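Overview (structure and organization)
Residues per chain, in single letters:
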Amino acid sequence: MTGRAVVKGIGHYLPERIVPNAEFEATLETSDEWIRTRSGIERRHFAAEGETTSDLAANAARAALADAGLEADDIDAIIVATSTPDLTFPSAATMVQSKIGMTRGFAFDVQAVCAGFVYALCNANALILAGQAKRVLIIGAETFSRIMDWSDRSTCVLFGDGAGALVLEYQEQSDDDDRGILAVDLNSDGRFKDLLYVDGGVSTHTTGHLRMQGNQVFRHAVEKLTQAAETALEKAGLENKDVDWIVPHQANIRIIQGTAKKMGLPMENVVVTVQDHGNTSAASIPLAMSVGKARGQIKQGDLIVTEAIGGGLAWGAVVLRW
Ligand code: UT7
């Protein structure tokens, strides 16, 4: 095949309720100032009671389909990246499938925590290049507010809820158009599983809460993200200076700045939404892409490198021409 998986549409959805940092000051020994300076986060959205991950995902999916000018039944496959599905099974993806009225094709979830959207993009790209799907709807959606320990100030102030969705479509390549996914780089190393995990799950009869050794994860982040981004760029035959936009996982502004600096790129080339969304895990990258496009930052033809790291540890990067 001589084609690529090309972006056809993007959209996002954020729950209505916005929680500013100051709201935590009433119950925790923390401050707006600490949260802002250590993480760059100013506010985050929390899902309403009864509002689930598949609800957020379906809303983002509808927005992406509208942006692509497509109907639900034009899609061959849905991949939802999430660590906070509505139920143990069926997958959040099949719930989205029914919510958007798609009665054909197939749907499944991918779980790679904060790197989930990068993993899902790679899977969608592989399905498209293998000829198993022409159009794939990839969604990152999370309700991390459901797995917070509200007495743990070192984690509960950092995360938020939301969803972003992207439509990828197979397109034959032409000499004057090299849009699409150009290269990917995925990694994981389970030796680091204790740095970021949920202390519960189906097989242990509990739900659990997120636990993180934040400063340890931080230590790995800049190095591994830079390495993944530069490896993917090298695979694409490109250099750091060719990048128009880094769309990083939005966990911490200091990690985002550190990675850009290590790559030799100014912050003017980075899409930043962490101040408004907090860390939305697998949703953070499609949310940032969608907001970046709406702001007029990301335009057709731009070279994008997107990178993420999270529990596992799992990390990776994708290089694409928008
Ligand atoms: O998305 C998945 C990947 N996750 C990440 O990328 C997160 C990576 N880590 C981080 O973003 C940062 O490590 C944090 C924002 C989590 C923490 O920043 P830090 O600069 O690494 O701080 P620290 O964990 O070393 O803690 C510094 C101090 C500690 O007090 P002592 O021991 O120095 O007295 C903490 O107890 O800050 C204290 N602290 C807080 N103080 C006020 C921790 N949380 C809070 C808080 N408010 N909410």
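Structure: see above.
Residues numbered from 1 in each chain as written. Predicted model: local features only at pLDDT ≥ 70, side-chain atom pairs only at ≥ 80, totals over all residues. Heavy atoms only, no water.

Structural notes on helix α2 (residues 53-68)
Note that an α-helix has 3.6 residues per turn; residues three or four places apart therefore point the same way. Taking 1.5 Å per residue as the helical rise, α2 with its 16 residues ought to reach 22 Å, and the 22 Å between its terminal C-alpha atoms agrees with that figure. Packed against the buried residues of α2 are β1 (3-13), α3 (92-99), β6 (135-143) and β7 (161-172). In the segment just after α2, glycine 69 is the residue with positive phi, at about 70°. (Helix = DSSP H or I, 4+ residues; strand = E, 2+ residues; numbered from the N terminus. Expected span 1.5 Å × (residues − 1). Contact = heavy atoms within 4.5 Å.)

Here we look at the pairing of β6
Within β6, nine of the nine residues are buried, which leaves the element mostly enclosed by the surrounding structure. Pairing of strand β4 (residues 77-81) with β6 involves five bridges; the strand directions are parallel. Bridge assignment links alanine 77 to a residue of β6, and that residue is valine 136. Inspection of the sheet shows β6 paired to β7 by nine bridges, in the antiparallel sense. Paired with isoleucine 138 across the two strands is leucine 166, which belongs to β7. (Buried < 20%, exposed > 50% of the residue type's maximum accessible area, 1.4 Å probe, protein only. Pairing = 2+ DSSP bridges.)

Section: the pattern of salt bridges
Under the criterion given, the structure shown has 18 salt bridges. Put simply, lysine 241 and glutamate 239 hold a salt bridge, and the shortest N to O gap is 3.8 Å. Look at lysine 241 and you get exposed, because its relative accessible area is 63%. Of the charged contacts in the structure, one is a salt bridge between aspartate 242 and lysine 241, with a shortest N-O distance of 3.8 Å. (Salt bridge = Lys/Arg side-chain N within 4 Å of Asp/Glu carboxyl O.)

Section: the site of the ligand
What surrounds the ligand is a group of 23 residues, the closest being Thr30, Arg153, His249, Asn252 and Asn279. Residue arginine 38 places a side-chain N or O atom 2.9 Å away from an oxygen atom belonging to the ligand. In the complex, the protein chains occlude 74% of the 960 Å² of accessible area that the ligand would expose alone. Contributing elements (two or more residues each) for the shell around the ligand: α1 (32-39), α5 (153-156), α6 (214-235), α7 (253-262) and β12 (303-310). For the shell around the ligand, the leading source of residues is α6, giving four residues. (Near = heavy atom within 4 Å. Polar contact = N/O pair within 3.5 Å; in protein donor to acceptor, adjacent residues only side chain to side chain. Areas by Shrake-Rupley, 256 points an atom, 1.4 Å probe, with all protein chains shown as cover.)

Observations regarding the sheet that holds strand β13 (residues 314-321)
Spatially, the four strands line up as an open sheet ordered β8-β13-β12-β11, and their pairing is mixed. The outermost strands of the open sheet, each flanked by one partner alone, are β8 (180-188) and β11 (245-248). Strand-to-strand twist in this sheet, taken as the mean axis angle between neighbours without regard to direction, amounts to 15°. Across eight bridges, β12 lies against β13 in antiparallel orientation. Bridge assignment links isoleucine 304 to a residue of β13, and that residue is leucine 320. (Axes fitted to C-alpha atoms, helices over the stretch in contact; angles between N-to-C directions.)

Some details on the sheet that holds β4
Note on sheets: strands pair through backbone hydrogen bonds, and any given pair is parallel or antiparallel. As summarised here, the arrangement of the five strands in space is β1-β7-β6-β4-β5, forming an open sheet in which the pairing is mixed. Taken across any chain shown, the strands that pair with only one partner, and hence form the sheet edges, are β1 and β5 (106-110). Averaged over all pairs of adjacent strands, the angle between their axes in this sheet comes to 20°, without regard to strand direction. Looking at chain direction, β1 and β7 are connected through 10 bridges and run antiparallel. Pairing of histidine 12 across the sheet is with glycine 164, part of β7.

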